[in-house]
Amino acid sequence: MSNGVIQSVLTEKRVFPPFPGLVENANLSGMQAYEALCEQARRDPDAFWGQQARELLVWSKPFTQVLDASQAPTYRWFPDGELNLSVNCLDKHLGTPTADKTAIVFEADDGQVTRVSYRELHARVCVFANGLASLGCKKGDRVIIYLPMSIEAIVAMQACVRLGVTHSVVFGGFSSKSLNERIVDVGASLVITADGQCRGGRKLPLKPAVDDALAMGGCDAVRKVVVYQRTGGEVAWNEGRDVWLHDLLAGQSDQCEPVPVEAEHPSFILYTSGSTGKPKGVQHASAGFLLWALMTTRWTFDIKPDDVFWCTADVGWITGHSYIVYGPLAAGATQVVFEGVPTYPNAGRFWEMIQRHHVSVFYTAPTAIRSLIKAAESTPDVHPRHYTLDSLRIIGSVGEPINPEAWMWYYTQVGRERCAVVDTWWQTETGGHMLTPLPGVTPMKPGSCAMPLPGIEAAVVDEHGKELEAGHGGLLVIKRPWPGMIRNVWGDPERFRKSYFPEELGGVYLAGDSAQKDADGYFWIMGRVDDVLNVSGHRLGTMEVESALVAHPLVAEAAVVGRPDDTTGEAVVAFVVLKRDVPEGAEAVELGKQLRDWIAKEIGPIAKPRDIRFGENLPKTRSGKIMRRLLRTVAKGESVTQDVSTLENPAILDQLSKSV
Ligand code: PRX
C-alpha cells in the first residue's frame, strides 16, 4: 500500500478544483479565508483558540487562561474553565429549533429504522445517567463500554460524561482477553454490554466475552455489569452483579443535573496499538477534545442545519467518538447510525442507505471503498450507478492511505464528479482531523490528504528534527500543541513522553507516520515508521501479535510483518518457529488454523494472520537480531535480492517462502 502511495506522489498530476457551489456557501469559504485563519492562528495562537473555545463551547465556569505549557509536553488547555460535554452536545440545543430535529436515524442490521430527536436523546441520556448514578457511578470513575453499534452505545457514552465518568469503549470485535486487559488497566468499576449483536443477518453473543474477561482476574473493582438486551439470546446470569439495562432504567427520571468538570478532566480513554506488545490507553481531555471534534466537524464536513451526515465507523474507534458521538451532536447535525455491515443483505447496502436517508455527507474508510469496488465489478447489480446518490455533496475517507485508483472511483462513481472528497489524515491521539482538503477551499489531488487545518503546524523532518524540503520523505510531526491532542497514556506518563515527544526531535509531536510534502505544500502519507500495521484501517502492533503467538504452548518464536493487500491495505503475515519439528502438508494447515483461532481469542478476529509460515528458525544476524526487512520481502512473495551476508542462517529464507 505505502509503495503505491509513494509512487503516486511521483506520478499523480491530476488536480480537481473545489466546486463553486460548495465554495460559495461553505463554513470555511475560499483559499483566502483559509490562509487568513491559518495566519491568525500562527500569529497569536492563544487568541485564536481562546476565541474558538468561547464561541463554540458552553462553559459553566469560563476559563481565563488558554494554554498552560508549563508542564510540556503535558499541555493544559483552558485549565481553569469548567463545562459538561453532554450539555454541549444536547442541553444546548433544547431551547432552539434543533431540539425537535432528528439527531439520530438508526438503521438496524435487518433494515428497521428508528428516529430520535435531540429532545428525546437528551431525555434518554438523563434516564441512563440516573441509572448509572443509582449504581454509585460518580465523577472520576472509569466505565468500560462493550456494546454493538446502537443508540444505546451513544446514550451510554453521553450518560458517562454527563456524570463526569470517564468512559473507555472497547470495540465489540475484541476478545475477552483484550477486554480483560483494558478493564484492569483503567480500573473500571462497571461494564456496560449487551447480550449480543446483530451483524450480517446473524446474532452473535457478546456477554460471554465479558463473563470470561471478568473471570480472568484483576477485575475486583468491577461492581456491576449492565446488560442491554439486543438479541434476546440466552445469557448466563450472575445474580448480584448483572443488571438488565431495562430494569435499571425503569422509573428513572428524564432530568439529570449535569456534573461540571474541569476542562482537563479525562473524558475518555481509548486503547490503540503501539510498537510494544501492550496497547496504549490514549487519554483525552474534556474541553479541548470536544472543541476540536466540533471545529473539524464544521470545517471538514461543512455541516449545515439540513445536512444528513453518515460516518460508517464503529463507536469503538476514535472515528466513532469524534464523528458520531461528539462532533455531530455538538454541531446539532442529523446523523445516520448503522448497526450492520456494508455487504448485507448485499454490497449495495451503503448506496441504498444513502438513497433512503438522503445522506449529504458520507464518511467511510478506503478498505470499505476497495471492497465495494470489487463487489461492484463482480456483481454489477450492486454498483452505485443503480442508486440515486444526488443528495451527496461531500464524501470522506479515513484510516489509511487511499490509493489514487480507489479515490477516482469514489469521486466519479459515488460522488458523480460533483462532490468534494475529503481524505482526512488523523489518529486516535490527535482527537480530530489534522490534514485534509476542505470542501470550500482546497483543490483535490487523488491520494493526498492535502494541507493542515488552521491552527495545526505540520512538518516533515529528519530523525534529528530538521525540517525537510518538498519532495523528501521523512517523519510527520506537529510543531505546536492543539486542544484535541492526547494528554497522557493512561497511567504511564513516561511512555507518553517517549512515544510522542522524543527528545531528539526537540519537543514536537511525533505522529509515527512517514510523509512527504510536494511543491504545492500538499502532504502525502507513506505509512507507519514504527512496527504498527494498518489492516482495514485498524491499527495493529506487530509486537502485540507476536506476544500473543508466543503465548501459545506450541510456539517457540514468532515474527510478524505486514504485506501490501489490495483490499485491506496490509495483511498480517506471521513467521513461526514451533517447539517441535516443522509441520508439513495437512498438519501445517491444521496448525495454522489453530494459531489463527488462538490469535482471535487472544486479541480479536481483526488480528488473525492472513498467512502463517513455519520454519526451523527465523532469519537472524549473527548478533541474533531478526531481519524483518527480509521477512517483508519473503512475505510479499518476492525473491530476496538484498545482501544476506550478515545472516547467520541464509538457508532459512527458502523454507519460509513456502506458504501453508
Ligand atoms: O498511519 C496513519 C493512518 O492511520 C493511523 C492512525 O490510526 P488510528 O489511530 O487507528 O486512527 C484511525 C482513524 C483516524 C495514522 O497514523 N491514517 C489515518 N488516516 C489516514 C491515514 N493514512 C493515510 N491517509 C489517511 N487519511
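Residues numbered from 1 in each chain as written. Predicted model: local features only at pLDDT ≥ 70, side-chain atom pairs only at ≥ 80, totals over all residues. Heavy atoms only, no water.

Here's the deal with the UniProt feature "binding site: Mg(2+)" (unreviewed entry) in the chain
Link 1 in the chain: Cross-referencing UniProt, the feature "binding site: Mg(2+)" (unreviewed entry) maps to Val550, His552 and Val555 in the present numbering.
Link 2 in the chain: Position of valine 550 among the secondary structure elements: in helix α17 (residues 542-550).
Link 3 in the chain: Apart from residues lying up to four places away in sequence, valine 550 is in contact with Val555, Ala556, Glu557 and Ala558.
Link 4 in the chain: Those residues in contact with histidine 552, other than ones at most four positions away along the chain, are Gln594, Leu595 and Trp598. (UniProt positions renumbered as here; feature names shortened; annotations may be inferred. Helix = DSSP H or I, 4+ residues; strand = E, 2+ residues; numbered from the N terminus. Contact = heavy atoms within 4.5 Å.)

Structural notes on the UniProt feature "binding site: CoA" (unreviewed entry) in the chain
Link 1 in the chain: In the numbering used here, UniProt assigns the feature "binding site: CoA" (unreviewed entry) to Arg199, Gly200, Gly201, Arg202, Thr319 and Ser536. Taken along the chain, the residues just named run across 338 residues; in space they spread out, the farthest C-alpha pair reaching 25.0 Å.
Link 2 in the chain: Residue contacts for arginine 199: discarding those within four places in its chain leaves Asp109, Leu204, Glu339, Gly340 and Val341.
Link 3 in the chain: For threonine 319, the position within the fold is in helix α12 (residues 318-330).
Link 4 in the chain: In contact with threonine 319, other than residues within four places in its own chain, are Cys311, Ala313, Ile324, Tyr363, Val398 and Trp426.

A few points about the site of the ligand
Link 1 in the chain: Taken together, 17 residues lie around the ligand, and Asp423, Thr424, Thr428, Arg528 and Arg539 are the ones closest in.
Link 2 in the chain: The contact in question runs from an oxygen atom of the ligand to an N or O atom on the side chain of glutamine 427, over 3.0 Å.
Link 3 in the chain: Between an oxygen atom of the ligand and a side-chain N or O atom of aspartate 513, the distance comes to 2.9 Å.
Link 4 in the chain: For the ligand, whose free accessible area comes to 540 Å², the fraction covered by protein is 95%.
Link 5 in the chain: Of all the secondary structure elements, the ones that give two or more residues to the shell around the ligand are α12, β20 (420-424) and β25 (523-528).
Link 6 in the chain: Residue classes in the shell around the ligand are distributed as six nonpolar, six polar and five charged. (Near = heavy atom within 4 Å. Polar contact = N/O pair within 3.5 Å; in protein donor to acceptor, adjacent residues only side chain to side chain. Areas by Shrake-Rupley, 256 points an atom, 1.4 Å probe, with all protein chains shown as cover. Nonpolar A, V, L, I, M, F, W, Y, C, P; charged D, E, K, R; others polar.)

What about helix α7 (residues 151-163)?
Link 1 in the chain: Over its 13 residues, α7 runs 19 Å from end to end, which matches the ideal 18 Å to within 8%, given 1.5 Å per residue.
Link 2 in the chain: Of all 13 residues in α7, 13 are buried; the element is thus mostly enclosed.
Link 3 in the chain: The first or second residue beyond α7 is glycine 164, which carries a positive phi of 80°. (Expected span 1.5 Å × (residues − 1). Buried < 20%, exposed > 50% of the residue type's maximum accessible area, 1.4 Å probe, protein only.)

Topic: a positive patch on the surface
Link 1 in the chain: A cluster of basic residues, Lys625, Arg629, Arg632 and Lys636, forms a positive patch on the protein surface.
Link 2 in the chain: With respect to the helices, strands and loops of the structure, arginine 632 is situated in helix α19 (residues 628-635). (Patch = residues over 30% accessible without salt bridge, like charges linked within 9 Å, V, L, I, M, F, W, Y side chains within 5 Å. Salt bridge = Lys/Arg side-chain N within 4 Å of Asp/Glu carboxyl O. Lys, Arg positive; Asp, Glu negative; His and termini not counted. Charge placed at Lys NZ, Arg CZ, Asp CG, Glu CD.)

Considering the pattern of salt bridges
Link 1 in the chain: Summed over the entire model, instances satisfying the criterion amount to 40 salt bridges.
Link 2 in the chain: Here lysine 177 makes a salt bridge to glutamate 181, at a shortest N to O gap of 3.7 Å. Linking lysine 177 with glutamate 181, this pair stays in helix α8 (residues 176-186), spanning four residues, or about one helical turn.
Link 3 in the chain: Note that glutamate 429 is salt-bridged to arginine 539, the shortest N-O span being 3.0 Å. Placement of the pair is glutamate 429 in the loop between β20 and β21 (458-461) and arginine 539 in strand β27 (residues 538-541), with a sequence separation of 110 residues.
Link 4 in the chain: Given a relative accessible area of 1%, glutamate 429 falls into the buried group.
Link 5 in the chain: Relative accessible area serves as the criterion here: at 17%, arginine 539 is assigned to the buried category.
Link 6 in the chain: Taken together, the salt bridges that share partners define one network made up of Glu107, Arg349, Glu352 and Arg356.

Examining unusual backbone geometry
Link 1 in the chain: Proline 73 follows alanine 72 through a cis peptide bond whose omega is 10°.
Link 2 in the chain: Checked against the element boundaries, proline 73 lands in the loop between β1 (67-68) and β2 (76-77).
Link 3 in the chain: Of the consecutive residues tyrosine 344 and proline 345, the connecting peptide bond is found in the cis state with omega at 0°.
Link 4 in the chain: With respect to the helices, strands and loops of the structure, proline 345 is situated in the loop between β17 (334-338) and α13 (349-357).
Link 5 in the chain: For alanine 450, which is not a glycine, the phi torsion comes out positive at approximately 60°.

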